[in-house]
Amino acid sequence: MDETEFWEIVDSTREAAEGDPDDHAELLVERLVQLDPEAVLDFARHFEARYNRAWSWDLLAAAVILLGGAGDDAFDSFRCWLIGQGREVFEGAVHDAESLAELLEDFDPAVDGDGEELGYAADEAYEQLTGLETPDLGLSPPPDRPAGAPLDVDDDEALAERLPRLWDRFGG
């Protein structure tokens, strides 16, 4: 599976789910079980690689602004949700977290930002196909700390300074 096919699967299932993260995860599993187990593992590798790329201070700051706070679990779910938003939003945000101010039409923390189930979709599909747990994907482990310049995400002034457009649109 190449990157284009990965994003096509993410996009088509998100569109069919009309943006609902739980429905998106269910549809993603349904789509993945139509593939062979090795293709599901390829999808899982693509997902995990992007999940690791999204581990940055700027995206943590964006999650805190958008969600009104984000502990470790919330940030993990946010990164899965971000992948679920598709290539344009994901790549834009990884390149410049501030771009989320323009890339997101709206954001409702009661509905948006939690893509935890998306993170388990490939595992669930693989288990349904094989009866086995997903094996090690052979990817390098993520770095010990998020990429970029550290930030006190509990400091509203620091958040507003780091991501001013996102803060103006969604913060405080």
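Before reading further, recall that the structure is shown in the block above.
A brief look at the structure comes next.

This brings us to the overall build of the chain. Helix and strand counts for the chain stand at 10 helices and zero strands. Helices and strands in the chain line up, N terminus first, as α-α-α-α-α-α-α-α-α-α. Relative to a compact globule of 172 residues, whose C-alpha radius of gyration would be 16 Å, the chain shows 16 Å and is just as compact. Referenced to the eigenvectors of the C-alpha coordinate spread, the extents of the chain come out at roughly 50 × 35 × 25 Å. When the 172 residues of the chain are sorted by exposure, 44% land in the buried category. Sequence-distant contacts, at least 24 apart, represent 73% of the contacts inside the chain between residues at least 6 apart. Accessible surface for the chain amounts to roughly 9000 Å². Of this, 44% is attributable to carbon and sulfur atoms. Across the chain, the mean location of the 11 positive side-chain charges is 7 Å away from that of the 45 negative side-chain charges.

With that settled, consider helix α6 (residues 87-95). Considered for burial, the residues of α6 that qualify are V89, F90, G92 and A93. On its buried side, α6 packs onto α1 (3-16), α3 (37-53), α4 (57-67), α5 (72-84) and α7 (100-103).

Quick look at the packing of α1 against α6 now. Following both chains from N to C, one finds α1 and α6 inclined at 115°, their axes separated by 10 Å at the closest point. Taken together, the axis directions place α1 and α6 in an arrangement best described as roughly perpendicular. Residue-level inspection shows E3, T4, W7 and D11 of α1 in contact with α6, the latter providing R87, F90 and E91. Per-class residue counts for the contact of α1 with α6 are two nonpolar, one polar and four charged.

A word on the nonpolar core. Residues L32, F43, L82, L100 and L166 are the most contacted members of the largest nonpolar core, which totals 56 residues. Looking at this core element by element, the count peaks at nine residues for α4. Discounting residues that sit within four places of it in the chain, L82 has contacts with L59, V89, F90, A93 and L100.

Along the chain, S77 falls in helix α5. You can call S77 buried: its relative accessible area is 9%. Once residues lying within four places of it in the same chain are set aside, the contact partners of S77 are G113, D114, G115 and E116.

Our next topic: the pattern of salt bridges. Taken as a whole, this structure holds 10 salt bridges when the rule is applied. In this structure, the salt-bridge partner of E3 is R50, at a minimum N-O distance of 3.1 Å. With E3 in helix α1 and R50 in helix α3, this pair connects stretches of sequence that are 47 residues apart. For R53, the salt bridge goes to E91, with nearest N and O atoms at 2.8 Å. Of this pair, R53 sits in helix α3 while E91 sits in helix α6, and the two are 38 residues apart along the sequence.

With that out of the way, let us pick up the packing of α3 against helix α8 (residues 116-130). At a minimum axis distance of 9 Å, the contact between α3 and α8 shows a crossing angle of 165°. With respect to each other, α3 and α8 are oriented roughly antiparallel. With respect to the hand of their crossing, α3 and α8 are arranged in left-handed fashion. In this structure, α3 uses P37, V40, L41, F43, A44 and F47 to contact α8, whose residues at the interface are L118, G119, A122, A125, Y126, L129 and T130. Class assignment of the residues belonging to the contact of α3 with α8 gives a composition of 11 nonpolar, two polar and no charged.

Here is what the cut-offs are and how they apply
- Residues numbered from 1 in each chain as written.
- Predicted model: local features only at pLDDT ≥ 70, side-chain atom pairs only at ≥ 80, totals over all residues.
- Heavy atoms only, no water.
- Helix = DSSP H or I, 4+ residues; strand = E, 2+ residues; numbered from the N terminus.
- Rg over C-alpha atoms; globule rule 2.2 N^0.38 Å.
- Buried < 20%, exposed > 50% of the residue type's maximum accessible area, 1.4 Å probe, protein only.
- Contact = heavy atoms within 4.5 Å.
- Areas by Shrake-Rupley, 256 points an atom, 1.4 Å probe, with all protein chains shown as cover.
- Lys, Arg positive; Asp, Glu negative; His and termini not counted.
- Charge placed at Lys NZ, Arg CZ, Asp CG, Glu CD.
- Axes fitted to C-alpha atoms, helices over the stretch in contact; angles between N-to-C directions.
- Parallel < 35°, antiparallel > 145°, perpendicular 65-115°, else oblique.
- Nonpolar A, V, L, I, M, F, W, Y, C, P; charged D, E, K, R; others polar.
- Core = buried A, V, L, I, M, F, W, Y, C linked by side-chain atoms within 4.5 Å.
- Salt bridge = Lys/Arg side-chain N within 4 Å of Asp/Glu carboxyl O.
- Left-handed = near helix turned anticlockwise from the far one by under 90°.

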